[in-house]
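# Working through the structure, step by step
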Amino acid sequence: EEGNNRVESVIVMNGTEDVSQNYVINKIPGTLTIYQRPIEITAGSTETEYDGKEHIVSYTVSASGEDKGLVEDQNLTVSLQGEKQTFVGTYEVLVNDVSIKADGIDVTGNYAVTKKPGQIKINPANRAITVATLNAEKVYDGTPLTKDGFELLEGELFEGDRLEVISRGSIT
């Protein structure tokens, strides 16, 4: 706001004597300006192989320093979107909400917040498994021979994973 630093009083002194009456004093107010403090919030990134487990990233805040980063003794709260992933794919992690408080008072508006996305990339694990359908036999009786079921012959599934096998076979 222009003129927000007004002149309260002016006294002209000569030694210890006030000689202000000898002057026509014009008072021009100054302007005080506070600029937003830049702060950068970057969502975390990671790349890993699929292991059946949830992978979680957090965020980093630009280093504090002269005229940048978080002011000392102020509290930052950040919410992320997409920061928890389990399955194969590439997922963007976004910085959603940022809140900065000083003694419980919201001062977020005093910051120029830059939000940078991160990424979670989960690659296929390429774990080999061998699955076989079950065998069956019978003497010919004019009806089809079928056999549901399967067997895991080699390999191991990750914790939480399960096999669902559909077999389609019939012989008469």
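Residues numbered from 1 in each chain as written. Predicted model: local features only at pLDDT ≥ 70, side-chain atom pairs only at ≥ 80, totals over all residues. Heavy atoms only, no water.

This part is about the overall build of the protein chain. Broken down by element type, the protein chain carries zero helices and 14 strands. Reading the helices (α) and strands (β) of the protein chain from amino to carboxyl end gives β-β-β-β-β-β-β-β-β-β-β-β-β-β. For 172 residues, the compact-globule estimate of 2.2 N^0.38 gives 16 Å, and the C-alpha radius of gyration of the protein chain, at 36 Å, exceeds that figure by more than 25%. Relative to its 172 residues, the protein chain shows a buried fraction of 18%. Accessible surface, the protein chain as shown: approximately 13,000 Å² in total, 46% of it carbon and sulfur. (Helix = DSSP H or I, 4+ residues; strand = E, 2+ residues; numbered from the N terminus. Rg over C-alpha atoms; globule rule 2.2 N^0.38 Å. Buried < 20%, exposed > 50% of the residue type's maximum accessible area, 1.4 Å probe, protein only. Areas by Shrake-Rupley, 256 points an atom, 1.4 Å probe, with all protein chains shown as cover.)

Another aspect to go through is a nonpolar patch on the surface. A contiguous nonpolar surface patch, about 330 Å² in accessible area, is contributed by Ile129, Val131, Phe150, Leu152 and Val165. On the secondary structure map, Leu152 appears in strand E14 (residues 150-154). (Patch = residues over 30% accessible without salt bridge, like charges linked within 9 Å, V, L, I, M, F, W, Y side chains within 5 Å. Salt bridge = Lys/Arg side-chain N within 4 Å of Asp/Glu carboxyl O.)

On to unusual backbone geometry, then. One non-glycine residue, Asp67, adopts positive backbone phi at about 65 degrees. Within the secondary structure layout, Asp67 lies in the loop between strand E6 (59-61) and strand E7 (75-81). Even without a glycine there, the phi angle at Asp103 is positive, about 50 degrees. Here Asp103 shows up in the loop between strand E9 (89-102) and strand E10 (105-106).

This paragraph deals with the pairing of strand E12 (residues 118-123). The alternating pattern of E12 places Gly118, Ile120 and Ile122 on a buried face and Gln119, Lys121 and Asn123 on a face that is not buried. Two elements, E9 and E12, share five bridges in a ladder whose sense is antiparallel. Opposite Tyr91, over in E12, you have Ile120 as the bridge partner. (Pairing = 2+ DSSP bridges.)

With respect to the helices and strands, Arg162 occurs in the segment after E14. Of note is the side chain of Arg162, whose polar atom sits 2.9 Å from the side chain of Glu164. (Polar contact = N/O pair within 3.5 Å; in protein donor to acceptor, adjacent residues only side chain to side chain.)

A few words on the pattern of salt bridges. By the definition in use, this model includes four salt bridges. The salt bridge partner of Lys116 is Glu40, with a shortest N-O separation of 3.6 Å. Here the residue Lys116 occupies a position in strand E11 (residues 111-116), and Glu40 occupies one in strand E3 (residues 37-43), the gap between them amounting to 76 residues. Note that Lys138 is salt-bridged to Asp141, the shortest N-O span being 2.8 Å. Using a relative accessible area of 47% as the deciding quantity, one classes Asp141 as partly exposed.

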